[in-house]
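Breakdown of the fold
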Amino acid sequence: MLFGYVRKSNESQKLNLQIDALLKYGVKEKNIYTDTIYGAKAKRKR
């Protein structure tokens, strides 16, 4: 069983190219997880 993860870090990026690539690779759509993160964190863990 294959799983996929796609992420975009700003509003101008599109997820569809990443999703299409995973589907072509054989990942089922129900096994693709998406994430959107905008902006940078002011403090990061060290």
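The residue numbering used here restarts from 1 in each chain and proceeds along that chain's sequence as written. This being a predicted model, a pLDDT of at least 70 is required before a residue's local features are given, and a value of 80 or more before pairs of side-chain atoms are given or counted; all residues contribute to the totals for chains, interfaces and linings. Values shown for side chains rest on all heavy atoms present in the structure; no hydrogens or waters enter the calculation.

**With respect to the pairing of strand β1 (residues 4–8)**
Successive residues of a regular strand alternate their side chains across the two faces of the sheet. Note on classification: 1.4 Å probe, protein chains only; a residue is buried when its accessible area is under 20% of the maximum for its type, exposed when over 50%, partly exposed between these limits. Put simply, DSSP marks the helices as runs of H or I at least four residues long and the strands as runs of E at least two long, and each gets a number from the N terminus on. Every second residue of β1 is oriented toward a common face, the buried set being G4, V6 and K8 and the non-buried set Y5 and R7. Two strands are said to pair when DSSP picks up at least two bridges between them. As defined by bridge partners, β1 adjoins strand β2 (residues 32–36) across five bridges and the pair is classed as parallel. Bridging from a neighbouring strand, G4 pairs with I32 of β2. With the strands aimed away from the viewer, a crossover counts as right-handed if its path from the first strand over the helix to the second runs clockwise. Handedness of the crossover joining β1 and β2 through helix α1 (residues 16–25): right-handed.

**Considering the side chain of N31**
With respect to the helices, strands and loops of the structure, N31 is situated in the loop between α1 and β2. Among the polar contacts listed, one links the side chain of N31 to the backbone oxygen of L2, at a separation of 3.4 Å. For N31, the residues in contact, after removing those within four places along its chain, are M1, L2, F3 and G4. As used in this structure description, the phrase polar contact means that two N or O atoms lie within 3.5 Å; if the pair is within protein, one of them must be able to donate a hydrogen and the other to accept it, and residues adjacent in sequence are counted only when both atoms belong to side chains. Contact definition: two residues touch when any of their heavy atoms are within 4.5 Å.

**Thoughts on the environment of Y25**
In this fold, Y25 is placed in helix α1. Given the relative accessible area of 64%, Y25 is considered exposed. Between the C-alpha atoms of Y25 and G4, which are 21 residues apart in sequence, the distance is 9.8 Å.

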